[in-house]
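Observations on the three-dimensional arrangement
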Amino acid sequence: MFRSGRWIFPFTVLWGCTEENAMAPTIDLIQVDPQTVEIILPFADFVEDVQVLGGFGSTSDLDRGIVARDFSGLNAKTLMRFGGYPDSISVADQTGTVRVDSDLTFMGGHVLLFFDTLSGSVDQLVDLELFTTQQSWHAPTATWGMAVDTAGDHTSWVQPGGGTAISVGSGTFDRGRSQGDTVAFVDFVKVEIDAATVASWADTSDASRGLLVTASTPGTQLNLVRASLRLDVVPSVNPDTTVEVSGGLADVSYIYDPAPELPVGWLRVGGAPSWRSIITLKLPRMIGGSPEICGGVGCQFDVTRADLNLAELILTTRVTESPFEPSDTTRMDIRTVLHPDRIPKSPLGDLLSLGGATLPPEIFAQQSGSLVTISLTGLMSNVLKSETVGDLPSSTIALVNSTEPGPLGFASFDGSGGAGAPALRLVLTLAGKVGLP
C-alpha cells in the first residue's frame, strides 16, 4: 500500500551469521549491548555497476497493435498479415443439397478492427486509413526504419514508417455509435476491401503482402485489440449465392516513432521492446555505525557479525519522457542475473521479491519523486552467510517488467546523479564488538 510516499512490499526475516572474521581490519574494539538499528547506504557505497539495456522481446509478441498520429509526439502504425484463404467450403447447391465446394471465387470483403474503448483517444472520432504494404517485412524485427532486421537481412523501408504503401480503404472509430448509454470494452471499425486487394493477399508465400493500419486524425492514439478478415465468396455449385467466410491473423505488430533514447543517469524498466536495468551490488564488509551504537564518537562494525532483519532497495520515481509515460499499471519484478559475464544474454533467476512491485502510472507523472521499496533480504542474507574472507561477493540483479515486452510506456527511476539515487536500507541487530576509528 502507499504510505507517506513509499510503496511497501512484503519481506522475509532471515538471520545472518556471527562468526569471527580473521581478515577484518585490526581496530580498537568496544562491546555494545544488543541493538536493532537502521542503516541507509547511499548509492556509491553499495552499487558497483549499472547497465540499462533495451531490445528484449518484440511488439509482435503482444498480438495487438497501436495507431497514433502526433500523439504527444508519437506516431504509430500497426502491421498485420492475414492467413491463407479456405480451400473449400460446405454450401447448399441450387437444389438445397449441402456439398463441399473447392471451386471458389473471392469477390472482396471487409476488415474488422477491434479497439480498446477504455484507453487512448476514445472520447472523440478517430479517422483511420488502411494501406497495403509493397515490400517484404518481418513482424518480429520490423521497426519504423527497418522492414527486416535479422542476422542475415538488414533491409530498410523504402520510406520510413512502412514504405510506399497503397491506400485501400478508410473508416472512423466512434465509440458511441451503436452503444447508446452503454460502453463496451471494445468497439470495431469496418473497412470494405475490393476484390483486387483480396486477390493480392491470397499468396501466403509473398512476404510483401500485408496491411498497414494508420490514424489520420492528429493528436489521437488507439489500442488495437484484434482484427479479422471477412471474405465474400461465390461457390461454383450455387453462383447466385454469396457466402461470407472468416480469415484470421497470421502476423501483427506495430512500429512507432520516435524510438526512446538510451537513458543516461537514470533507470528504465518495461516498454516494447522491453528495457531492463541491471545493477551489480557490492555490500561493504565494514559499515559506519549509527549514533545509537556509537554515540558521538563514531565507529565501524563488521556487517557479517550482525543479524540481518531487513534489506530493501529504495528507488525514486521520475517523470517518464513523453510520449512513453505509462498509461496503465506497471508490474516490475526483481530477479538475479545468473551469469553476469554473459549480459545481455544471461538467463535470469527466480524472483527476489514475491509479487514484485505494482506501480500505478501517476507516480511517473504528477506524483514523481515517490519512493518504491523492494525487499532484497534473502539475497543480502546469502551474501552475509558466504564463506568469503575479505571483500564480500557481489550480486547482480535485474529490474524487469513482469511480462516482456509490456505496454509501450515504461517506468523511470532516478539513477546515480541526484538526491533520488537508489539507496539500500538495512535493519540490523548488533550484539558484540564495534571498532573505534
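A brief report on the enclosed structure follows. Small disclaimer: the values here were computed from a predicted structure and weren't measured.

1. Here's the deal with the packing of aromatic side chains
Scanning all chains against the criterion turns up eight aromatic pairs. Where F115 meets F173, the ring centres are 5.8 Å apart and the plane angle is 75°; that geometry is what we call edge-to-face. Residue F115 is located in strand β9 (residues 104-120), and its partner F173 is located in strand β13 (residues 166-173); the two are separated by 58 residues in the primary sequence. Linked through ring pairs, Y254, Y256, F324 and F410 together constitute an aromatic cluster. A cation over an aromatic ring shows up here: R81 above the ring of W137, its NZ or CZ 3.8 Å from the ring centre.

2. Quick look at unusual backbone geometry
Here the bond from D257 into P258 is cis, since omega is 5°, no more than 30 degrees from zero. Within the fold, P258 resides in the loop between β18 (249-257) and β19 (266-270). Cis rather than trans, the peptide bond between S322 and P323 has omega equal to 10°. By the secondary structure assignment, P323 is in the loop between β23 (307-316) and β24 (330-337). One non-glycine residue, D63, adopts positive backbone phi at about 55°. Among the residues examined, D63 registers a relative accessible area of 55% and is labelled exposed. The backbone phi angle of S72 is positive, close to 55°, even though this residue is not glycine. Among the structural elements, S72 can be located in the loop between β5 (65-71) and β6 (74-82).

3. A short note on the pairing of strand β8 (residues 98-101)
Strand direction decides the pairing type here: strand β7 (residues 89-92) and β8, joined by four bridges, are antiparallel. Residue pairing in the sheet places I89 in a bridge with D101 of β8. Hairpin connection between β7 and β8: a loop of five residues separates the two successive antiparallel strands, and G96 in this loop has a positive phi of roughly 95°.

Thresholds, definitions, all that
- Residues numbered from 1 in each chain as written.
- Predicted model: local features only at pLDDT ≥ 70, side-chain atom pairs only at ≥ 80, totals over all residues.
- Heavy atoms only, no water.
- Phe/Tyr/Trp six-rings, centres within 6.5 Å; stacked < 30°, edge-to-face > 60°.
- Helix = DSSP H or I, 4+ residues; strand = E, 2+ residues; numbered from the N terminus.
- Lys NZ or Arg CZ within 6 Å of the ring centre and 35° of its normal.
- Buried < 20%, exposed > 50% of the residue type's maximum accessible area, 1.4 Å probe, protein only.
- Pairing = 2+ DSSP bridges.

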